[in-house]
Amino acid sequence: MELSSSLTPFTKKLSEISFSSSLSPFPLQLYQKPSKPNNLRVFAVAVDPSQELPRNSPQRLLKELAQRKKVTAPRKKVPPKRFILKPPLDDKKLTERFLNSPQLSLKQFPLLSSCLPSSKLNNADQTWIDEYLLEAKQALGYPLEKSEELGDDNPAKQFDTLLYLAFQHPSCDRTNARHVRSAHSRLSFLGQYVLELSLAEFFLQRYPRESPGPMRERVFGLIGKRNLPKWIKAASLQNLIFPYDDMDKLIRKDREPPVKSVFWALFGAIYLCFGMPEVYRILFEVFGMDPEAEDCQPRLRRQLEDVDYVSVEFEGNKLSWQDVATYKPPEDALFAHPRLFRACVPPGMHRFRGNIWDYDCKPQVMQTLGYPLAVKDRIPQITEARNIELGLGLQLCFMHPSKYKFDHPRFCFERLEYVGQKIQDLVMAERLLMKHLDAPGRWLQEKHRRVLMNKFCGRYLREKYLHRFIIYSEQVQDAYEHNRRLRNPSTTAVNQALHGLSYTVYGKPDVRRLMFEVFDFEQIQPKSV
């Protein structure tokens, strides 16, 4: 009895503790499994925050890690749903948006109008204009008055807006605004072809005996992207492009793309408002480019001896940029660009008048191309002289270098091909800008590249059966006869030379006619079945 009475308090205590039914109430049968090291828990010890933790303490490391996790953004940021799908604008809002757009405000200057922003400038844009625009205009040598005060018939009225957009490169603060980003890229897209054409015309007239190869090297030495920061710094414009950084301390991939974008857009704006003469002034006076500098000279190469004459205005006279910029053709000039024609078509071409090609092939070529165009001249002798020179130029366009180049280096289509490439690029760029008002520059660039591929230029010439009239040497004729891979590049060159000839003789409107009506570069005309 004493034993039972002594056990009762112990059993009472056990009964008060709740165990699962599978466990015995006796403590001797309770076994705890050894814990695995993976299940170990770290318990942080509370420390007074006013005391700085030691450098190597785990608490400090955990605290820094937690703070770093807060700052670090996730790798892939999912856009909000409202940006994924937008409901289409109804007709009324869409009409208002287009009618209120500055791009439809100038009927007199459609190209200039297409390069204006798609919506009106806001307060943030006006802040940049008030703060920095005067500095830019002063550096470029323009009057400081607002351009809005000019008349509506003056394209320079939009210069302040275009100059502001030219400096808003993709890395700057305002690039998040769609109307600014898109307008800058469109200006930059136009400006690169303006630069190429202006320097091509300048070097063709400055060096009338030189082949296009050395000229391309001269152009690259002046406006290659590696040299552009030097010109921007010479005009003291680097602080407008990099307001928070020292341009000289930036690495190349951070420095060159913004500078190139601004440089091209700047010349797009200048060309739209003031024309090609002002492009030359900015290049050679403001930026201080020197065509005789050592770093833009072509590499030494074997030169073919040129025994033929050049036009009188080039003989012993190396033209300066002022001569090219201020040149105006006389009233009774035969051509739209007479000096450029003389620089590309040597006077010695008259020895080919009356040859077999002149009688047999020229009439078919002129009929296909729609030449000669009807031009009202003061006296009929001017029309006759123009048509004779046009026929000689056409024969030069079809003269392959293999025929006469090694004895007469300029008796081939190379120089006309060079200027034809550049004017073809510019005309297509202008066409795309006016046709696609809402497209950004990168899309236009890709479209431009796809339309003007070399293989297409040659194909359009062959579709008109003009490749039959190309003048080859006998050896090359035999090699090309059954090898289209050798033959097709020459058809591309002839097509581009035809554009160069039409530009020098009749001007830019005739280049548009050839590209979009005769050769149908956009491939929108119905095909004959």
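Residues numbered from 1 in each chain as written. Predicted model: local features only at pLDDT ≥ 70, side-chain atom pairs only at ≥ 80, totals over all residues. Heavy atoms only, no water.

Caption draft 1: Local environment of the overall build of the protein chain. The secondary structure content of the protein chain amounts to 25 helices and zero strands. By the burial criterion, 46% of the 529 residues in the protein chain qualify as buried. Restricting to contacts in the protein chain with at least 6 residues of sequence separation, those with at least 24 account for 73%. Carbon and sulfur atoms provide 54% of the accessible area of the protein chain, an area that totals close to 31,600 Å². (Helix = DSSP H or I, 4+ residues; strand = E, 2+ residues; numbered from the N terminus. Buried < 20%, exposed > 50% of the residue type's maximum accessible area, 1.4 Å probe, protein only. Contact = heavy atoms within 4.5 Å. Areas by Shrake-Rupley, 256 points an atom, 1.4 Å probe, with all protein chains shown as cover.)

Caption draft 2: Geometry of the side chain of arginine 255. For arginine 255, the location among the structural elements is in helix α12 (residues 252–274). Comment: no salt bridge for buried arginine 255; closest opposite-charge side chain is glutamate 256, at 4.5 Å. In contact with arginine 255, not counting residues within four places along its chain, are Pro229, Phe242, Met247, Asp248 and Leu250. (Lys, Arg positive; Asp, Glu negative; His and termini not counted. Salt bridge = Lys/Arg side-chain N within 4 Å of Asp/Glu carboxyl O.)

Caption draft 3: Fine view of unusual backbone geometry. A cis amide bond, omega -5 degrees, links tyrosine 371 with the succeeding residue proline 372. Its location among the elements puts proline 372 in the loop between α17 (362–369) and α18 (380–397). The phi dihedral of aspartate 520 is positive, around 55 degrees, even though this residue is not glycine. As for its placement among the helices and strands, aspartate 520 is situated in the segment after α25 (508–518). Located in the positive-phi region is glutamine 523, a residue other than glycine, with phi close to 55 degrees. Looking at the secondary structure, you find glutamine 523 in the segment after α25.

Caption draft 4: Representation of α12 within the structure. Given a rise of 1.5 Å per residue, 23 residues ought to cover 33 Å, and the 32 Å separating the end C-alpha atoms of α12 matches this to within 8%. Of all 23 residues making up α12, 17 are buried, and the element is well covered by its neighbours. The first or second residue beyond α12 is glycine 275, which carries a positive phi of 90 degrees. (Expected span 1.5 Å × (residues − 1).)

Caption draft 5: Main features of the packing of helix α8 (residues 178–206) against helix α9 (residues 212–223). The interhelical angle for the contact between α8 and α9, taken along N-to-C directions, is 130 degrees, at an axis separation of 10 Å. For the element pair α8 / α9, the angle class is oblique. In the packing of α8 onto α9, the handedness of the crossing is right-handed. Only Met215, Arg218, Val219, Leu222 and Ile223 of α9 make contact with α8, whose side of the interface consists of Leu195, Glu196, Leu199, Phe203 and Leu204. Split into classes, the residues belonging to the contact of α8 with α9 amount to eight nonpolar, no polar and two charged. (Axes fitted to C-alpha atoms, helices over the stretch in contact; angles between N-to-C directions. Parallel < 35°, antiparallel > 145°, perpendicular 65-115°, else oblique. Left-handed = near helix turned anticlockwise from the far one by under 90°. Nonpolar A, V, L, I, M, F, W, Y, C, P; charged D, E, K, R; others polar.)

Caption draft 6: Fine view of the pattern of salt bridges. Under the definition given, this model contains 31 salt bridges. Close ionic contact of aspartate 160 with lysine 137 constitutes a salt bridge, the shortest N to O distance being 3.0 Å. Pair noted here: aspartate 160 is in helix α7 (residues 159–166) and lysine 137 is in helix α6 (residues 123–140), with a separation of 23 residues, a long-range link. For the pair aspartate 160 and lysine 137, one class covers both residues: buried. The partner of aspartate 358 in a salt bridge is lysine 362, and the shortest N-O contact between them spans 3.2 Å. In this structure aspartate 358 comes out as buried when scored by relative accessible area, which is 14%.

Caption draft 7: The state of the cysteines, seen in detail. Enumeration according to the criterion identifies zero disulfides in this entry. The thiol of cysteine 273 is unpaired, and the distance to the nearest cysteine sulfur, on cysteine 115, comes to 9.7 Å. (Disulfide = S-S within 2.5 Å.)

Caption draft 8: Helix α20 (residues 414–435), seen in detail. Its 22 residues place the ends of α20 31 Å apart at the C-alpha level, agreeing with the 32 Å of an ideal helix rising 1.5 Å per residue. Extensive coverage of α20 is indicated by the burial of 19 of its 22 residues.

Caption draft 9: Spotlight on the nonpolar core. Counting 137 residues, the largest nonpolar core has Phe167, Phe263, Phe287, Leu369, Leu394, Phe398 and Phe519 as its most contacted members. Residue contributions to this core peak at 14 residues, all from α8. Ignoring any residue separated from it by four or fewer positions in sequence, one finds leucine 369 in contact with Leu394, Leu466, Leu498, Arg513, Leu514, Val518 and Phe519. (Core = buried A, V, L, I, M, F, W, Y, C linked by side-chain atoms within 4.5 Å.)

Caption draft 10: Spotlight on the side chain of histidine 184. For histidine 184, the position within the fold is in helix α8. Taking the relative accessible area as the measure of exposure, histidine 184 reaches 2% and is therefore buried. The contact partners of histidine 184, leaving out residues within four places of it in the chain, are Leu165, Ala166, Phe167, Gln168, His169, Pro170, Ser261, Val262 and Ala265.

Caption draft 11: Seen up close, the packing of aromatic side chains. One pass over the structure, following the stated rule, counts 23 aromatic pairs. Each ring, one from phenylalanine 203 and one from tyrosine 207, has its centre 6.0 Å from the other, and the planes form 20 degrees; the classification is stacked. As far as the burial class goes, phenylalanine 203 and tyrosine 207 line up, both buried. Summarising the aromatic geometry, the rings of phenylalanine 284 and tryptophan 321 are spaced 6.1 Å apart at their centres and angled 15 degrees between planes, so their arrangement reads as stacked. With a gap of 37 residues between them, phenylalanine 284 in helix α13 (residues 276–286) and tryptophan 321 in helix α14 (residues 321–326) connect regions that are remote in the sequence. Its relative accessible area of 7% is what places phenylalanine 284 among the buried residues. Cluster of aromatic residues (ring-pair linked, three or more members): Phe202, Phe203, Tyr207, Tyr280, Phe284 and Trp321. Here the guanidinium or amino end of arginine 218 rests over the ring plane of tyrosine 207, the centre of that ring lying 4.0 Å away. (Phe/Tyr/Trp six-rings, centres within 6.5 Å; stacked < 30°, edge-to-face > 60°. Lys NZ or Arg CZ within 6 Å of the ring centre and 35° of its normal.)

Caption draft 12: Examining the environment of valine 494 more closely. Considering the arrangement of structural elements, one finds valine 494 in helix α24 (residues 484–506). In this structure, the C-alpha to C-alpha distance between valine 494 and leucine 396, residues 98 residues apart in sequence, is 9.4 Å. Among all residues touching valine 494, those that are not within four sequence positions of it are Cys397, Phe398, Phe413, Leu461 and Ile470.

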